[in-house]
Amino acid sequence: MAILKSKPTDNNEAYKVDLNGKTIEETLTEATATIGEKISFRRFSIIEKTDSQVFGPYLHAGGKIGSIVTLEGGNVEAARGIAMHVSAINPQYHSINEISQLELDKKLAKFTQEAIDSGKPEKIAVKIAQGKLNKELSQYVLTKQEYVKGEGESVEKYLSTINASIACVVRFAVGEGIEK
């Protein structure tokens, strides 16, 4: 709650936040000395919602992975289900809108050229390329992925059936970002 109340904008500010009379940095240093294991505070996210939005938290793998999804519309159970999906599958993007149009156009052009090179007529090659692009996007875009709790439907389709959309997705994993 200390971080939420002080609303730091980065880790440097967060380390200075008071936590029971000591800064977070001092608390971590003491814990590291006591336990004998390095404990670090690498990232945080402050998530706020409106009255029309719902949070759905989910812990996976015994608490080693945690996600929270904020839905516009829908309900807590649906948001929690999407958070479960995010924890388990770890999509690279949450929406196709996060991918630049230039990148999408390059991929489509590449797939179209591959189809043309294989002897397909251009009109058919464009349809084949679009299918390949959609299949590739379903590998790393949350809304295009098959929903883990659904019966063959995408996350996007599931959300449309409950009249909801994704407002925010945050996923944390223990050890994430540590160089080995």
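### Remarks on the overall build of the chain
Here is step 1 of the chain: Broken down by element type, the chain carries seven helices and five strands.
Here is step 2 of the chain: Order of helices (α) and strands (β) in the chain, N terminus to C terminus: α-α-β-β-α-β-β-α-α-α-α-β.
Here is step 3 of the chain: Rg of the C-alpha trace for the chain: 21 Å, well past the compact-globule value of 16 Å for 180 residues, more than 25% over.
Here is step 4 of the chain: With respect to the principal axes defined by its C-alpha atoms, the chain has extents near 70 × 40 × 30 Å.
Here is step 5 of the chain: Every one of the 180 residues in the chain was classed for burial, and the buried ones make up 30%.
Here is step 6 of the chain: For the chain, restricting intrachain contacts to residue pairs at least 6 apart in sequence, the fraction spanning at least 24 positions comes to 53%.

### A word on the pattern of salt bridges
Here is step 1 of the chain: Counted under the stated rule, the structure contains eight salt bridges.
Here is step 2 of the chain: Here lysine 132 makes a salt bridge to glutamate 114, at a shortest N to O gap of 3.7 Å. Placement of the pair is lysine 132 in helix α6 (residues 122-140) and glutamate 114 in helix α5 (residues 101-117), with a sequence separation of 18 residues.
Here is step 3 of the chain: Lysine 132 sits in the partly exposed class, given a relative accessible area of 37%.
Here is step 4 of the chain: Assessed through its relative accessible area of 33%, glutamate 114 is described here as partly exposed.
Here is step 5 of the chain: Taken together, the salt bridges that share partners define one network made up of Arg43, Arg171 and Glu176.

### Focus on the confidence of the model for the chain
Close inspection of predicted coordinates is inappropriate in any region flagged by low pLDDT.
Here is step 1 of the chain: Within the chain, residue pLDDT values average 92, and 99% of them lie at 70 or more.
Here is step 2 of the chain: At the low end of the mean pLDDT range in the chain sits helix α1 (residues 2-6), at 85; at the high end sits strand β4 (residues 65-73), at 97.

### Focus on the pairing of strand β3 (residues 53-60)
Here is step 1 of the chain: Where β3 lies against β4, eight bridges are found, and the strand directions are antiparallel. Pairing of proline 57 across the sheet is with isoleucine 68, part of β4.
Here is step 2 of the chain: Taking the residues that link successive antiparallel strands as the turn, the β3-β4 hairpin has four residues, and the phi of alanine 61 there is positive, at about 55°.

### Observations concerning the nonpolar core
Here is step 1 of the chain: Ranked by internal contacts, the top residues of the largest apolar core, which has 16 residues, are Val69, Leu71, Ile82 and Leu159.
Here is step 2 of the chain: Those elements that provide at least two residues to this core are β3, β4, α4 (76-89), α7 (155-161) and β5 (164-173).
Here is step 3 of the chain: For isoleucine 82, the residues in contact, after removing those within four places along its chain, are Val69, Leu142, Tyr147, Val155, Tyr158, Leu159 and Ile166.
Here is step 4 of the chain: The next biggest cluster of nonpolar side chains, apart from the first, holds nine residues, and it includes Ile99, Ala129, Leu133 and Leu137.

### Digging into the packing of aromatic side chains
Here is step 1 of the chain: Under the definition given, this model contains four aromatic pairs.
Here is step 2 of the chain: Ring geometry for tyrosine 15 versus phenylalanine 41: centroids 6.1 Å apart, planes at 70°, classification edge-to-face. In this pair, tyrosine 15 is assigned in helix α2 (residues 11-15) and phenylalanine 41 in the loop between α3 (24-35) and β3, connecting sequence segments 26 residues apart.
Here is step 3 of the chain: A relative accessible area of 21% means that tyrosine 15 is categorised as partly exposed.
Here is step 4 of the chain: Judged by centre distance (5.9 Å) and plane angle (55°), the ring pair of tyrosine 93 and tyrosine 140 falls under tilted. In this pair, tyrosine 93 sits in the loop between α4 and α5 while tyrosine 140 sits in helix α6, placing the two residues 47 residues apart along the sequence.

### Description of α4
Here is step 1 of the chain: With 14 residues, α4 extends 20 Å between its outermost C-alpha atoms, agreeing within 8% with the 20 Å of an ideal straight helix rising 1.5 Å per residue.
Here is step 2 of the chain: Those residues of α4 not exposed but buried are Ala78, Ala79, Gly81, Ile82, Ala83, His85, Val86 and Ser87.
Here is step 3 of the chain: For α4, the N-terminal cap is asparagine 75; the gap from its side-chain oxygen to the backbone nitrogen of glutamate 77 is 3.1 Å.
Here is step 4 of the chain: Asparagine 90 sits one or two residues past α4 and shows a positive phi near 55°.

About the thresholds
- Residues numbered from 1 in each chain as written.
- Predicted model: local features only at pLDDT ≥ 70, side-chain atom pairs only at ≥ 80, totals over all residues.
- Heavy atoms only, no water.
- Helix = DSSP H or I, 4+ residues; strand = E, 2+ residues; numbered from the N terminus.
- Rg over C-alpha atoms; globule rule 2.2 N^0.38 Å.
- Buried < 20%, exposed > 50% of the residue type's maximum accessible area, 1.4 Å probe, protein only.
- Contact = heavy atoms within 4.5 Å.
- Salt bridge = Lys/Arg side-chain N within 4 Å of Asp/Glu carboxyl O.
- pLDDT = per-residue confidence, 0-100.
- Pairing = 2+ DSSP bridges.
- Core = buried A, V, L, I, M, F, W, Y, C linked by side-chain atoms within 4.5 Å.
- Phe/Tyr/Trp six-rings, centres within 6.5 Å; stacked < 30°, edge-to-face > 60°.
- Expected span 1.5 Å × (residues − 1).
- Polar contact = N/O pair within 3.5 Å; in protein donor to acceptor, adjacent residues only side chain to side chain.

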